[in-house]
Amino acid sequence: MLSHLKNSRGNILYVVMISLVILILMPGLLMLTSDLYLSGKKSEHEKKATNLAASGMQAIYAPINYKNNLSNDANRINYLKTAYYDVWQSITLPEGGKIYYRQYLIAKNTTEANILTATPIPLNSIAGVNYKVVVTAIAGDLNNNQVKDSNEPFYYLKNLYRDLGN
């Protein structure tokens, strides 16, 4: 083998073998790297939307909310009247991205399949406590239409809901 390294005719074999190994492995390594980046980016958007929606729901249903005394449904309704977002609110993140947020009430008898398309009850029509609270957050919406489009690979919608009242 040492004689091959000293002979210029033997070196071409090593150059060809190393080049082939690099050419075969490089596309796979590049694909793996880009897949890891994309899945990390998608996971980041999922976390942002989930955390925002969960925080919104926790603000309403905290076991003991000393500041707003949200221990009963009537107080929760009063709180929601001051923080009622039946249209999408745009929240700009420090890195420049946006998350969209809604927090509203719908009819309590709305089926699970229709929650996202149900019409929010207008703020001035809220009476009593028998509603369904809906909190929705969207991350990765590039064109601000709150719908997943083909050019939005990181779009993620998190929807949480809970019955209010008896």
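Anyway, here's the lowdown on the structure attached to this text.

Calculation rules
Residues numbered from 1 in each chain as written. Predicted model: local features only at pLDDT ≥ 70, side-chain atom pairs only at ≥ 80, totals over all residues. Heavy atoms only, no water. Buried < 20%, exposed > 50% of the residue type's maximum accessible area, 1.4 Å probe, protein only. Helix = DSSP H or I, 4+ residues; strand = E, 2+ residues; numbered from the N terminus. Arc of directions from axis to C-beta. Salt bridge = Lys/Arg side-chain N within 4 Å of Asp/Glu carboxyl O. 1 Å grid on protein atoms, 1.4 Å probe; cavity = no way out; pocket = protein on both sides within 12 Å on 5 of 7 lines; lining within 4 Å. Points joined across faces, edges and corners; volume = space filled by probe spheres on them. Pairing = 2+ DSSP bridges. Phe/Tyr/Trp six-rings, centres within 6.5 Å; stacked < 30°, edge-to-face > 60°.

Here the focus is helix α3 (residues 73-82). Turning to α3, its buried residues are D73, R76, I77, Y79 and L80. Projection of α3 onto a plane perpendicular to its axis shows the buried side chains occupying an angular sector of 160°, all on one side.

On to the pattern of salt bridges. A side chain with one charge can pair with a side chain of the opposite charge if their charged atoms come near. Summed over the entire model, instances satisfying the criterion amount to four salt bridges. For K48, the salt bridge is made with E44, and the minimal N-O distance between the two is 2.9 Å. Note that K48 and E44 are positioned in helix α2 (residues 8-61) at a spacing of four residues, about one turn of the helix. With a relative accessible area of 21%, K48 lands in the partly exposed category. A relative accessible area of 30% means that E44 is categorised as partly exposed. A salt bridge links E95 to K48; the nearest nitrogen and oxygen atoms lie 2.4 Å apart. Placement of E95 in the loop between β1 (85-92) and β2 (98-107) and of K48 in helix α2 is noted, with a sequence separation of 47 residues between them. Looking at E95, the relative accessible area reads 54%, which means it is exposed.

What follows is about the layout of surface pockets. Roughly 230 Å³ of internal volume is contained in the largest pocket. Looking at the largest pocket, it is lined by 17 residues, and the ones nearest its centre are H45, G97, K98, G140 and L142. Those elements giving two or more residues to the lining of the largest pocket turn out to be α2 and β2. At four residues, α2 tops the list of elements feeding residues into the lining of the largest pocket.

Moving on, we get to the pairing of β1. The pairing of β1 with β2 spans five bridges and is antiparallel. Of the residues in β2, the one forming a bridge with I91 is I99. Between β1 and β2, which follow one another and run antiparallel, lie five residues, and G96 among them has a positive phi close to 105°.

Under the defined criterion, the tally for this structure stands at one aromatic pair. Here Y85 and Y101 contribute two aromatic rings whose centre-to-centre distance is 6.1 Å and whose plane-to-plane angle is 65°, an arrangement assigned as edge-to-face. You can see Y85 sitting in strand β1 and its partner Y101 sitting in strand β2, a full 16 residues away along the chain.

With eight of its 10 residues buried, β2 lies for the most part within the structure. Inspection of the sheet shows β2 paired to strand β3 (residues 131-139) by nine bridges, in the antiparallel sense. Residue pairing for β3: Y104 is matched across the bridge by V134.

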